[in-house]
Every structure is written in structure tokens, then in C-alpha cells.
Protein chains: 2
Amino acid sequence: MNEQQPSLAVSTVIFALRPDPVTGAATVWIPVVRRIREPYLGKWALPGGPLTMNESLASAASRTLEETTGLAPQFLEQLYAFGSVDRSPELRVVSIVYWALVQSVTADAVRDDENVTWLSTDDLPELAFDHNLIVDYALWRLRTKMEYSRIAQAFLGEDFTLAQLREVHEAVLQKPLDPANFRRMIEATKSIVATDRHVTGTRHRPARLYRYDTSLELADSGPLATHV
Amino acid sequence: MNEQQPSLAVSTVIFALRPDPVTGAATVWIPVVRRIREPYLGKWALPGGPLTMNESLASAASRTLEETTGLAPQFLEQLYAFGSVDRSPELRVVSIVYWALVQSVTADAVRDDENVTWLSTDDLPELAFDHNLIVDYALWRLRTKMEYSRIAQAFLGEDFTLAQLREVHEAVLQKPLDPANFRRMIEATKSIVATDRHVTGTRHRPARLYRYDTSLELADSGPLATHV
């Protein structure tokens, strides 16, 4: 087993909702870290690193997430293993990528310094390696999964208004949704249940709070659900 | 980069339909190879091996498939990366697993010798490592995917009768299906189109041939569809 082998890394795409600085509308953001060595010195990259001998893939992804954001994920799932021969210009590196959702974060709860920043996925610059492709794929998985599961829950608290849930869908789908059509669509899925509580604002009439029907899986992992 | 790192292997779950030796009904089979070293010496395991420096993950999976079965896959997709710390008793090995479908094979087209055999997934013995879990997960993915894609196509020729398509569904779902209900279900999906040709048998009335609507994706891979 002393032959040269490809290196193995674990990286994580971490999604959170944050307001667009111009429009104020919620959009999907990711934290990225600055490359401090070649290749791609100075470029932004997904957080990650080599897999150590004593941690599982999911543990490595969770650790990376905590180190980068100080947050715990509401949802963490394996995305894909990226292993094209030419994805790194020197070393051969296979990256096993996870994706995670963290609850919407406010600006001051977020680490944002010289070496870590958050970027809106609506307008990403060129990232290191094949990381733009990886983010595109993670966004596609998020959109797909939102259609048939209660994954949007991971961005929200336990209770939420229909307007808040619509805001999550708008951010993920990157387009505005008609409130009445959205209400009909989401009620047809029978995935949420009305509570008897309301939030009261200063300018609007009280809005009913909803929650997801938790008898639905957050995201169906089949036989892996009970397996780390 | 000289620290000890987990090893990386690529394995493949290869599904084909073969008749049950007792009932004659089509069931889902996989080829397995005998372990010729410890750990699990003598046990059956999924075909695979270390990733070499010059092949992509999918190429390694295809090569394994060809070496084991002499066949080319109709469908090949990444399943999952399995990396629990204790999944191998000595070395730390991360296995990136692919799953593949090959067209139904007849007994004499199949390599079956001391070191390679085919086993029915309806009644698997204990395999090496966590390979039973891996096969369970691949079967779950196959069943899930059959609900919303034309993946069953990969087991069939281009044209097929409704009875042949039902046989694929029965094998994958491991239960008999009522022919009239199956016809209504499959017609409701609008995924198949009738041709103007029929097959004639000796004992039955001619059966119409169908084919899948190929404007549907065989299996949707999102942004990875154009990426190896």
C-alpha cells in the first residue's frame, strides 16, 4: 500500500439566508475561506481540509462548519465526491463534499474577517478549484429537495409565518413568488399545519404561525438514516 | 502531506435481472468477488479496488464493472462515500461507491467461477465489511429512482412490452403487481409511448411494444450531467 495514492479532503457547502445588502430581500449565502497557499493562493474556497484518521466523513464536515462559522448545522448531508483527475493543478485530490443548512444568521453573529467571508450565491466570484461547480450542484440539490421534503424548515425556527416560508422559497428559487399562489401550493402539499398562535406586527394584521408536520422526514436518507 | 491518510477505494454495486432458480421470476442480482486476503478472507465482497492516480472515480467504477462482468453499464451513477472509522478492522478505508445497471443477462453470458459469482439480492448472505448496508442503500436508491425516472429502461431493450416493464418493477419492488393496476399507473405517468409494433408469441395474443419517452432524462443529475 505504499504506492502513491490520491489525497482525500472533506469540504462543506454551508447555506444560510442573509439579506441582500441592496434590496434587503433574503438570499442564499455561503461562507468561504481564503487560500493561504498555492494553488489558487488568495482565492476564496469552500471550507474543508484533509480527512484525519480518527474522524468520520460527517464529523470532519461538522468540525469544518463549526470552525468556520461558530454555528451548528440544522441539516448536514453528503453531497457528492468530486474526483476528476485534473481538478487540482498539482496534487491529485478527491474531495468528498457535504452540504449544510444553518439557521438564518444576522450580520453580527457572523465571522467575517480577512480570511473568512460570506458571499451571496446570487453573484459568486470565481472560486478556487471546481468549487463553483460544487456550489451549483449543492444549490440544485437544495432546490430539488425543497420540492419534496420539509428541508426549508432548517432555515426557519420551529414556528413560522407563510410569509417567512415564502421568503425561504424565493431565496432558494431566486425569484419572487405570488403570495396567493404560494399559499395554495404549500397547502396542497399538506406538509404544514396551522397553530393557534399569531405574530403581531406594527403595520400588518396578525399573521398565523405554522409548523411543519414532523411526521414527515426532514430529508429521506433511506437505510442510511440510522447510520452515521 | 506525509502524514498517514485514510486509503481510498472505489467499489461498484452492479444490478442485473436474472430469473430466480426456483420460481423463474425475475429478481435483482449482483456480482460479488471473493476476498483473497484478510480481513474477511474468503467472504464475498463488492467488486472494487484502490483508486489509481490517473483515472477518475467514474472510470475506476466502469473498469471494475468491465473486469468483473465483461459488460458495459447501461447506467452508472455515484451512490455514496462510506467512511465510518471502524468499517474495516485494520486499515482506515474510505470507499466511494457507484451503482450500475446492466441489461438482463442470461446464465451463459455471466462469468461465474471460484472467485466471482452472482447473488440474488432477495437473499444475500453476510458480505465482507459494511457491504450489506451498501447494497441495501443502492436498492433503496434504485426503488426511489424508479418512481420518478425512466431508469427501468436500463434493464430493458429499447422496445418492451408492458409485461416486461412490469416484470422489472416487480423485481425491484420485490412484490407481484396487478397487471391492470400497473398499466393504469404507468400510463398515468405519461413516461412511455406506444409503438405500432407487436411481439407475437405462441400462446398469447400479440403484445404491443412500448418505448420510453426519451425527452425525459434517464436520471436527472442536474449540473453534473455534462460533467464526468
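As the structure is a computational prediction, the values presented were derived from the model and not from experiment.

What counts, and at which threshold
- Residues numbered from 1 in each chain as written.
- Chains lettered and ligands numbered in written order.
- Predicted model: local features only at pLDDT ≥ 70, side-chain atom pairs only at ≥ 80, totals over all residues.
- Heavy atoms only, no water.
- Helix = DSSP H or I, 4+ residues; strand = E, 2+ residues; numbered from the N terminus.
- Buried < 20%, exposed > 50% of the residue type's maximum accessible area, 1.4 Å probe, protein only.
- Contact = heavy atoms within 4.5 Å.
- Areas by Shrake-Rupley, 256 points an atom, 1.4 Å probe, with all protein chains shown as cover.
- Lys, Arg positive; Asp, Glu negative; His and termini not counted.
- Charge placed at Lys NZ, Arg CZ, Asp CG, Glu CD.
- Expected span 1.5 Å × (residues − 1).
- Domains from an automatic or database assignment.
- Buried area = accessible area lost by both parts, 1.4 Å probe.
- Polar contact = N/O pair within 3.5 Å; in protein donor to acceptor, adjacent residues only side chain to side chain.
- Nonpolar A, V, L, I, M, F, W, Y, C, P; charged D, E, K, R; others polar.
- Salt bridge = Lys/Arg side-chain N within 4 Å of Asp/Glu carboxyl O.
- Axes fitted to C-alpha atoms, helices over the stretch in contact; angles between N-to-C directions.
- Parallel < 35°, antiparallel > 145°, perpendicular 65-115°, else oblique.
- Phe/Tyr/Trp six-rings, centres within 6.5 Å; stacked < 30°, edge-to-face > 60°.
- Lys NZ or Arg CZ within 6 Å of the ring centre and 35° of its normal.
- Least-squares fit on C-alpha atoms with pLDDT ≥ 70 in both.

1. Focus on the overall build of chain A
- From N to C terminus, chain A includes four helices and nine strands.
- Once the C-alpha set of chain A is aligned to its principal axes, its extents read approximately 65 × 45 × 25 Å.
- By the burial criterion, 48% of the 228 residues in chain A qualify as buried.
- By sequence separation, contacts in chain A at least 24 residues apart represent 61% of the contacts at least 6 residues apart.
- For chain A, the accessible area works out to roughly 11,700 Å², and carbon and sulfur atoms hold 49% of it.
- Once the 23 positive and 29 negative side-chain charges of chain A are each reduced to a mean point, those two points are 5 Å apart.

2. Regarding helix H2 (residues 131-148) of chain B
All names here are of chain B.
- The end-to-end C-alpha distance of H2 is 26 Å, a good match for the 26 Å that 18 residues give at a rise of 1.5 Å each.
- Here H2 has its buried residues at His131, Leu133, Ile134, Val135, Tyr137, Ala138, Leu139, Trp140, Arg141, Leu142, Lys145 and Met146.
- Here the buried face of H2 lies against strand E1 (7-19), strand E2 (26-34), strand E3 (44-45), strand E5 (75-82), strand E6 (93-101) and helix H3 (162-173).

3. Topic: unusual backbone geometry
Residue and element names in this part refer to chain A.
- A cis amide bond links Glu38 with the next residue in sequence, Pro39, at an omega value of -5 degrees.
- Counting through the fold element by element, Pro39 comes out in the loop between strand E2 (26-34) and strand E3 (44-45).
- Even without a glycine there, the phi angle at Tyr40 is positive, about 65 degrees.
- Position of Tyr40 among the secondary structure elements: in the loop between E2 and E3.

4. Notes on the domain arrangement of chain A
Residues and elements named next belong to chain A.
- Parsing chain A into structural domains produces domain 1 (7-148) and domain 2 (151-212).
- At the interface, 19 residues of domain 1 touch 13 residues of domain 2.
- Of all residues in domain 1, Leu17, Arg143 and Met146 give up the largest surface area on contact with domain 2, accounting jointly for 40% of the area buried on that side.
- The tally of links from domain 1 across to domain 2 stands at one residue pair in polar contact (both at pLDDT 80 or more).
- Per element, the largest residue contribution to the side of domain 1 that touches domain 2 is four residues, and it comes from helix H2 (residues 131-148).
- Residue composition of the side of domain 1 that touches domain 2, grouped by class: 11 nonpolar, five polar and three charged.

5. Side note on the interface of chain A and chain B
- With 37 residues of chain A in contact, the opposing surface of chain B contributes 37 residues.
- Overall, the association of chain A and chain B removes approximately 3,400 Å² of surface from exposure, summing both partners, and the carbon and sulfur fraction of that is 67%.
- Counting across the interface, chain A meets chain B through zero salt bridges.
- Elements supplying a minimum of two residues to the side of chain A that touches chain B: strand E1 (7-19), strand E5 (75-82), strand E6 (93-101) and H2 of chain A.

6. Quick word on the packing of H3(B) against helix H4 (residues 179-188) of chain B
Residue and element names in this part refer to chain B.
- Orientation of H3 relative to H4, taken along the N-to-C sense of each, is 95 degrees, at an axis distance of 11 Å. Viewed along their axes, H3 and H4 adopt a mutual orientation that is roughly perpendicular. The residues of H4 that touch H3, namely those facing Leu162, Leu165, Arg166 and His169, are Pro179, Phe182, Arg183, Met185 and Ile186.
- Here the contact of H3 with H4 is composed, by residue class, of six nonpolar, one polar and two charged.

7. Regarding the packing of aromatic side chains
- All chains considered together, the criterion is met by 16 aromatic pairs over all chains.
- When the ring of A:Tyr80 is compared with that of A:Phe82, the centres are 5.1 Å apart and the planes differ by 65 degrees; the resulting orientation is edge-to-face. Residue A:Tyr80 shares its accessibility class with A:Phe82, and that shared class is buried.
- Taken together, a centroid distance of 5.5 Å and an interplanar angle of 75 degrees make the contact between A:Tyr80 and A:Tyr137 edge-to-face. Note that A:Tyr80 is positioned in strand E5 and A:Tyr137 in helix H2, a separation of 57 residues in sequence. Taken individually, A:Tyr80 and A:Tyr137 each receive the classification buried, so the pair is uniform in this respect.
- Aromatic ring contacts, followed pair by pair, group A:Tyr80, A:Phe82, A:Tyr137 and A:Trp140 into a single cluster.
- The aromatic ring of B:Trp44 is capped on one face by B:Arg34, whose charged end is 4.2 Å from the ring centroid.

8. Topic: the relation of the copies chain A and chain B
- Superposing chain A onto chain B requires a rotation of 180 degrees together with a translation of 0.0 Å along the rotation axis, leaving an RMSD of 0.0 Å. These values place the two chain copies in the arrangement generated by a two-fold rotation axis.
- Take the interface residues of chain A: 100% of them recur as interface residues in chain B, which is what a same-surface contact looks like.

9. Remarks on the environment of B:Ile192
All names here are of chain B.
- Relative to the assigned elements, Ile192 resides in strand E8 (residues 192-199).
- Take Ile192: its relative accessible area is 13%, and that puts it in the buried class.
- Spatially, the C-alpha atom of Ile192 lies 5.3 Å from that of Asp213, the residues being 21 residues apart in sequence.
- Apart from residues lying up to four places away in sequence, Ile192 is in contact with Phe160, Leu162, Leu165, Ile186, Tyr210, Arg211, Tyr212 and Asp213.

10. Observations concerning the side chain of B:His131
Residues and elements named next belong to chain B.
- Relative to the helices and strands, His131 resides in helix H2.
- For His131, a relative accessible area of 5% corresponds to the buried category.
- Residue contacts for His131: discarding those within four places in its chain leaves Ala45, Leu46 and Arg87.

11. Some words on the pattern of salt bridges
- On inspection of all chains with the given rule, the structure shows 20 salt bridges over all chains.
- For A:Arg63, the salt bridge goes to A:Glu67, with nearest N and O atoms at 3.4 Å. On the criterion of helical spacing, the pair formed by A:Arg63 and A:Glu67 is a turn pair, its members being four residues apart in helix H1 (residues 57-69).
- A relative accessible area of 48% means that A:Glu67 is categorised as partly exposed.
- In this structure, B:Arg211 and B:Asp159 form a salt bridge, with 2.8 Å as the shortest nitrogen-oxygen distance. With B:Arg211 in strand E9 (residues 207-212) and B:Asp159 in the loop between H2 and H3, this pair connects stretches of sequence that are 52 residues apart.
- Look at B:Asp159 and you get partly exposed, because its relative accessible area is 22%.

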